[in-house]
Amino acid sequence: MTPAFVIAVDGPAASGKGTVATRLGRELGLPVLDTGLLYRAVGVLTQGAGEDPDDPAAAAAIAILLTAERLEDPALRTRAAGELASRVAIHPGVRAALLDFQRAFAHQPGGAVLDGRDIGTVICPEAPAKLYVTATPEVRAGRRWKQLTGQGEVVSFDDVLADIHRRDARDGGRDNAPLRRADDAALLDTTEMSIELAADAARRIVEAARARWEKSRSG
Ligand code: CDP
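Residues numbered from 1 in each chain as written. Predicted model: local features only at pLDDT ≥ 70, side-chain atom pairs only at ≥ 80, totals over all residues. Heavy atoms only, no water.

Colleague: What is the right way to look at the overall build of the protein in this model?
Modeller: Summing up its helical and strand segments, the protein has nine helices and five strands in all. Relative to the globule expectation of 17 Å for 219 residues, the C-alpha radius of gyration of the protein, 17 Å, shows essentially globular dimensions. Each principal axis of the C-alpha distribution contributes one length, and for the protein these read about 55 × 40 × 30 Å. Looking at the protein as a whole, 46% of its 219 residues are labelled buried. For the protein, contacts bridging at least 24 residues in sequence account for 78% of all contacts bridging at least 6. For the protein, the exposed surface amounts to about 10500 Å²; the carbon and sulfur share of it is 55%. Looking at charge distribution, the protein has the averaged site of its 28 positive side-chain charges lying 4 Å from that of its 31 negative ones. (Helix = DSSP H or I, 4+ residues; strand = E, 2+ residues; numbered from the N terminus. Rg over C-alpha atoms; globule rule 2.2 N^0.38 Å. Buried < 20%, exposed > 50% of the residue type's maximum accessible area, 1.4 Å probe, protein only. Contact = heavy atoms within 4.5 Å. Areas by Shrake-Rupley, 256 points an atom, 1.4 Å probe, with all protein chains shown as cover. Lys, Arg positive; Asp, Glu negative; His and termini not counted. Charge placed at Lys NZ, Arg CZ, Asp CG, Glu CD.)

Right, dumping it as structure tokens:
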């Protein structure tokens, strides 16, 4: 089997990783998986089924039955869905249930781009290209506030900043697959960058990684 060129894009909430991943996919002709949607779907469906998202068995039962069509729902993009996602993402049973789907996506012929929290550390530790995209909490909150209000949500900047701090603490503090930069991931701090600049920088990082990867395979 030809090894797949997998690009792992990790980082905290609203760091720009989703936009970077989407642009890389478009420019390189690779399929993109926003793995946050998996956790968002599990959170929303668990609550929708009248179950408690903090109940590990209830959330894992939903995760096992999750299908790709569920990821299309616009309701997954809301602020509430992000909060539910980070609550169910703590449960090891939920993470285990979503593992095969993510790995199969990553290893499709030609390769893929995946963005999330643990792609470079747990899902695809062997990925030849890894980026860790970050920015200050204030800048991330500003971006998320703009996105949410653009979707019609009514929310203050301070509340969004509090969400970001809470999610950073939960995602970074959990025992199972906590958010952290893989040792071999390139750091991309987008605090002072427009999305254009961030996407350009990401492309250069990936091009260099691809050249190293091709050299290692031919040599
Ligand atoms: O867009 P944003 O970065 O706010 O969130 P997301 O990527 O959609 O992820 C929502 C939540 O799902 C995160 O706060 C994590 O708790 C969880 N998640 C995870 O644990 N592992 C992933 N690979 C992706 C998301």
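Colleague: Any chance you could explain unusual backbone geometry here in plain terms?
Modeller: Note: most peptide bonds trans; most residues except glycine with negative phi. In this structure, Ala14 is a non-glycine residue whose phi angle is positive, near 60°. Positive phi, normally seen in glycine, also occurs at Ala177, with a value near 50°. The residue Ala177 is located in the loop between α8 (157-173) and β5 (186-189) in this model.

Colleague: Looking at this structure, I do not really get the sheet that holds strand β4 (residues 129-134). What am I missing?
Modeller: Strand pairing in a sheet is mediated by backbone hydrogen bonds. Such pairs are either parallel or antiparallel. Strand order across the open sheet formed by five strands is β2-β3-β1-β4-β5, with parallel pairing between neighbours. Whereas interior strands pair on both sides, the edge strands pair on one side only; in this sheet they are β2 (32-34) and β5. Going across the sheet, the axis of each strand differs from the next one's by a mean of 20°, ignoring polarity. Examined bridge by bridge, strand β1 (residues 6-10) and strand β3 (residues 112-116) share five bridges and lie parallel to one another. Note that in β3 the partner of Val9 across the bridge is Asp115. (Pairing = 2+ DSSP bridges. Axes fitted to C-alpha atoms, helices over the stretch in contact; angles between N-to-C directions.)

Colleague: In this structure, what is going on with the site of the ligand? I would like to understand it.
Modeller: Near the ligand there are 18 residues, and of these Lys17, Arg40, Arg144, Arg167 and Asp171 occur at the shortest range. Within the side chain of Thr35, an N or O atom sits 2.9 Å from a nitrogen atom of the ligand. Protein contacts shield 96% of the accessible area of the ligand, which totals 530 Å² for the unbound molecule. Going through the elements one at a time, α2 (36-48), α4 (79-88) and α8 are the ones with two or more residues in the shell around the ligand. With three residues, the top contributor of residues to the shell around the ligand is α2. Its residues assigned to classes, the shell around the ligand comprises five nonpolar, four polar and nine charged. (Near = heavy atom within 4 Å. Polar contact = N/O pair within 3.5 Å; in protein donor to acceptor, adjacent residues only side chain to side chain. Nonpolar A, V, L, I, M, F, W, Y, C, P; charged D, E, K, R; others polar.)

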